[in-house]
Amino acid sequence: MLLAVLSVFAAAAVAPLVVRLSRKAAGWILATVPLGAFVFFIRQAGHVTHDGPLRESTPWFPAYDLPLTFYLDGLSLLFALLVTGIGTLIVVYAGGYLKHSDELGRFYVQLLSFMGAMLGLVLADNAIVFFIFFELTSLTSYLLIGFYHNEEDSRQAARKALVVTGAGGLALMAGLILLYQVTGTWEFSEMLAMGDTVVQSPLYVGIFILVCAGAFTKSAQFPFHFWLPAAMAGPTPVSAYLHSATMVKAGVFILARMHPVLGGTELWTTTLVAFGGFTMLMTAWLALRYTDLKQILAYTTTMVLGLLTMLLGVGTEEAIAAMVTFTLVHALYKGALFMLAGNIDHETGTRDLKELGGLRSAMPITMIGGLAAALSMSGIPPFFGFIGKEITYEAALHAGGWSTLILGASVLANAALVASGLLVGLKPFIGEIKGAFTREPHEAPLSMYLGPCVLGGLGLAIGLYPAFVDHSLLQSAQAGILQEPHELHLALWHGVNPALIASLITFAIGFAIYYGWERLQKSAVMGGFGRALGDAPGDGFERLLYELGRSSHTITRAFQTGQFRRYLLLIFTGTIVMVGGALLFEANLSWPSELGEVRYYEAALAGLVVLSALAAVRANDRFVAILALSIGGYSVALLYLLFGAPDLAMTQFSVETLTLILLVIVLIHLPNIDGYEPITSRVRDAVVAVGVGAIVTTVAFAALSFPLDRSVSEFMMQNSYTEAQGSNIVNVILVDFRGLDTMGEIIVLTMAALGVFVLMRMRRIRLPEILGTRLHSDDEPIRVDGDGETVPAGAEAGGAADQNGAEVHPDEPAGAEEAAPDDQSTS
Amino acid sequence: MELILAVVSGTLFAASFYLLLRRNLLRFVIGIIILGNAVNLLIFTMGRLTREVPPVIPYGQKVIEGAYANPLPQALILTAIVISFGLLAFTLVLVYRNYTVSRTIDADRLTASEPEQDVDLHTQKKRLPA
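Undergrad: A description of the packing of helix α9 (residues 204–218) of chain A against helix α13 (residues 266–286) of chain A should follow, citing residues and the corresponding values.
TA: Residue and element names in this part refer to chain A. Put simply, α9 and α13 touch, their axes get as near as 11 Å, and they point 20° apart. Taken together, the axes of α9 and α13 lie roughly parallel to each other. The two elements α9 and α13 cross, and the hand of that crossing is right-handed. Touching Tyr204, Val205, Phe208, Cys212 and Phe216 of α9 are Leu267, Trp268, Thr271, Leu272 and Phe275, all from α13. Looking at the contact of α9 with α13 residue by residue, the classes come out as nine nonpolar, one polar and no charged.

Encoded structure:
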């Protein structure tokens, strides 16, 4: 089984190569892989139906106790056959459908990846492995729906599907984890026998809701039904395969798989019957609102998914028999009908019923295959669909207390299905050709009518000879769900019984709808119904996404105003609140008690530093500010000198001088620093600034109250001369102990110098490219040159820039060299 | 004396942050310069002060006997001074360069990279199937 799954993934990997080698035959070549898997599962069928389930385990992540376990019982066999069998036909079909697409290779990669994931999903025994494949199907489905990614509708539909099924997947994962906590095993096959434990567990309701959330989203049950019709934006082979025959049934599949574990309770029955039944009835009638073949088919798909969910909810022997039978019935006819819709679309250029008609002579083979499928869908004897419908009614009749309601809903839903089947499979072919098609209608190629004909033909064959599947495949699938064997016998003719009468009523209503469809479709009641239940949930979902985006945008904008002053203010305030708060709540802070020795000149220098800083703050003239800065800087240098740091003092003196020169050179070309700001913002900033300053001082006080650990400095001193042959310890640290840091410093300086150089050399800048349209310049107008370049209106400023480049630049590396040689010379 | 320098450093921080919050970009640059001194002084003070004994091993000896100024903060500050200068030079040229292009040193007008009026991704007309 592992090989079967892996081979499909391997086919996905080589698909682009195959397409490159032979575009025409690619579909046929690639189809051999799922065909091989199909044959493999057919060969296992005898074993599974007679001797019981197969289980296979391969170590995968032994460290996490996560093996790749696969489990093949009747249920997974039925689904595996559908995945590989219909998959084979779809791969062939896609070869014809996308013959002219440049992206056939990409398509096959995605389609075959999906197929592998789906196969893994139905075979997985380990819940984690199952979940991985479950998510993979969501992802590949997203890619496939959005295959025409340059169309907005496709992208939107793909996003819708991904969000809905992805969210459901997360819920499902939570449910599976809870299930593990109750059962103590990840393996489904071991859980199956533990239904009583789970049902009695206090976690049961939680598990049930979470699993249902995963299943209902994946299988498009109300209120999540909206994503599936939207998913029809994908290419038709995708719709035929993922969104009718396989993936959307994954939700039903997990419910079926969980039936022995979670099923049989009042909660299970009520929930599944209510949601499934409502979805069935609602979407069956919604289908009649559309004229697009694919939309009709999409809604009838959700109708069937609702039916299957409802039958699982009923859970009787007959209901499960009906469920597995209808799964097969539906897969056969719906796959065929989607391909039919694709053929009509492909060969005529439209799939709108208002424009279609009279194609019987142009597309005879498609018509035969499609009509067979449509008759099966409508449940007309002797097709397989008739048997499916009869057994559904049987199940409904014996469904206990809900019986009448379920039967009534089923009849009404099936009546709509009869009409839909005829609309899709019959109406395009009969009558007159209505208008000019964009293409001359002609028969589809073999690759494209093969699928509908095989599936339609199977629908007829099984209808005529149901013994082909009932005792083997379906019976063991039923046993897989119920965990106990039952006799399952299908037949076309049961004699005159209530189910047959219900069928007759269904036909009567169905044909009536078909003949009155055009009026019904246009009626106001139908429109209102469609808007309320068909469009509203989807619109609501889009609205939700929109509001989510808008509110997060508002929140982001509240913080990211685009003004860095606001950011700084937030950061400073945050510092005050957090560090200040931590200081307040830290109980055992001690404060230094004594001031220590203070000499008057030291105190004077400290006062000078403070005064110069305040002067720089107060200055309204740039040169006053520069002077104040320099006085402060030189005072700091003197402080360094007084406290045993001559190297620092030296460096500070040189850098202070350079800074002074640099500031004077540059500031002379810039406007003055005066500028009016409202008193409120000045006070606010002052409060914040003083707050941070106070916090810094407080932290410093707190730190000073602890004794200093000088062991590192001691180590440096001890080893400075003996190990590094240097007597100036500071320099030894810089060039030896921490030499790499100094190299980093030199690199930073070099980058800064390069940056300065580049900035000064950039003479002219294309203004619109940098500032877009957001430039304010009421001070001086910007003059745009003839060649689109802009220069500042103050023309001499441009020239000055260049001059400065020449002057400022040499200063730069001087600073860099200052640091390094100064250190090395003394070491 | 450490306590006094801690207060001095705190005052420098306050002055620097006040300047960093000004609309005039040149005041911002001055704030950066003061910030450098504030940080360096804080590191220096945190390493404790020792008067007049530089961390230099006297000639003919292999280690320093007795008290000596803490060399570790000094090494850090030496690096920091030089880096601050590089930062200052770059910032200053950036402000200057920006001025030659936009003719303003008003921080609140430099919003080209984050315009107040965004391109709203959500305004496109929503199209729903069918």
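Undergrad: If you had to explain the interface of chain A and chain B to someone new, which residues and values would you point to?
TA: Facing the 139 residues of chain A at the interface are 100 residues of chain B. On the surface where chain A and chain B come into contact, there are four salt bridges. A salt bridge links Arg51(B) to Glu602(A); its shortest N-O distance comes to 2.5 Å. If one sorts the elements of the side of chain A that touches chain B by residue count, helix α28 (residues 679–704) of chain A sits on top with 14 residues.

Undergrad: I'd like to hear about empty space enclosed by the protein, residue by residue, with values.
TA: Scanning the entire structure with this criterion turns up four cavities of 30 Å³ or more. There is about 150 Å³ of room inside the largest cavity. Along its surface, the largest cavity is lined by 13 residues, and Val655(A), Ile33(B), Ile81(B), Ser84(B) and Phe85(B) are the ones closest to its centre. Elements that contribute at least two residues to the lining of the largest cavity include exactly α27 (646–667) of chain A together with α2 (25–46) and α3 (71–102) of chain B. The residue makeup of the lining of the largest cavity, split by class, is six nonpolar, six polar and one charged. When its volume is computed, the second largest cavity comes out at roughly 80 Å³. Val609(A), Ser612(A), Ala613(A), Ala616(A), Ala628(A), Leu629(A), Gly632(A), Gly633(A), Val636(A), Leu12(B), Ile34(B) and Asn37(B) are the residues that line the second largest cavity. Among the secondary structure elements, those contributing two or more residues to the lining of the second largest cavity are α25 (600–618) and α26 (622–642) of chain A together with α2 of chain B.

Undergrad: Hey, could you go over the environment of Asp73(A) for me, with residue numbers and the actual values?
TA: Residues and elements named next belong to chain A. Take Asp73: it is sitting in the loop between β2 (66–72) and α3 (74–97). The buried category is assigned to Asp73, whose relative accessible area is 2%. Note: C-alpha distance between Asp73 and Pro441 (368 residues apart in sequence) is 45 Å. The residues contacting Asp73, other than those within four sequence positions of it, are Val48, Pro53, Arg257 and Gly480. Within the structure, the side chain of Asp73 is placed 3.0 Å from the side chain of Arg257, a separation counted as a polar contact.

Undergrad: Please provide a residue-by-residue account of helix α19 (residues 446–464) of chain A, values included.
TA: All names here are of chain A. Its 19 residues place the ends of α19 26 Å apart at the C-alpha level, agreeing with the 27 Å of an ideal helix rising 1.5 Å per residue. By the burial criterion, the buried members of α19 are Ser447, Met448, Gly451, Pro452, Leu455, Gly456, Gly459, Ile462 and Gly463. In this fold, the buried residues of α19 make contact with α2 (26–51), α3, α15 (317–348), α16 (364–377) and α17 (384–397).

Undergrad: Residue-level account of unusual backbone geometry, with values.
TA: The phi angle of most residues is negative, glycine excepted, and most peptide bonds adopt the trans form. Omega for the bond connecting Phe222(A) with Pro223(A) falls within 30 degrees of zero, at 5°, which places this linkage in the cis form. For the bond from Pro381(A) to Pro382(A), the omega torsion is 5°, close enough to zero to count as cis. Unlike most non-glycine residues, Gln725(A) shows phi in positive territory, near 55°. You can see Gln725(A) is positioned in the loop between α29 (711–724) and α30 (729–737). Positive phi, normally seen in glycine, also occurs at Arg48(B), with a value near 70°.

Undergrad: Go over the layout of surface pockets with me, naming the residues and quoting the values.
TA: Residue and element names in this part refer to chain A. If you add up the space inside the second largest pocket, you get close to 540 Å³. Lining of the second largest pocket is provided by 24 residues; of these, Phe38, Ile42, Leu81, Phe468 and Leu473 occupy positions nearest its centre. Breaking the lining of the second largest pocket down by element, the ones donating at least two residues are α2, α3, α15, α19 and α20 (470–482). A total of eight residues in the lining of the second largest pocket trace back to one element, the largest contributor, which is α3. Here the residues of the lining of the second largest pocket are counted per class, giving 20 nonpolar, four polar and no charged.

Cut-offs and rules
Residues numbered from 1 in each chain as written. Chains lettered and ligands numbered in written order. Predicted model: local features only at pLDDT ≥ 70, side-chain atom pairs only at ≥ 80, totals over all residues. Heavy atoms only, no water. Axes fitted to C-alpha atoms, helices over the stretch in contact; angles between N-to-C directions. Helix = DSSP H or I, 4+ residues; strand = E, 2+ residues; numbered from the N terminus. Parallel < 35°, antiparallel > 145°, perpendicular 65-115°, else oblique. Left-handed = near helix turned anticlockwise from the far one by under 90°. Contact = heavy atoms within 4.5 Å. Nonpolar A, V, L, I, M, F, W, Y, C, P; charged D, E, K, R; others polar. Salt bridge = Lys/Arg side-chain N within 4 Å of Asp/Glu carboxyl O. 1 Å grid on protein atoms, 1.4 Å probe; cavity = no way out; pocket = protein on both sides within 12 Å on 5 of 7 lines; lining within 4 Å. Points joined across faces, edges and corners; volume = space filled by probe spheres on them. Buried < 20%, exposed > 50% of the residue type's maximum accessible area, 1.4 Å probe, protein only. Polar contact = N/O pair within 3.5 Å; in protein donor to acceptor, adjacent residues only side chain to side chain. Expected span 1.5 Å × (residues − 1).

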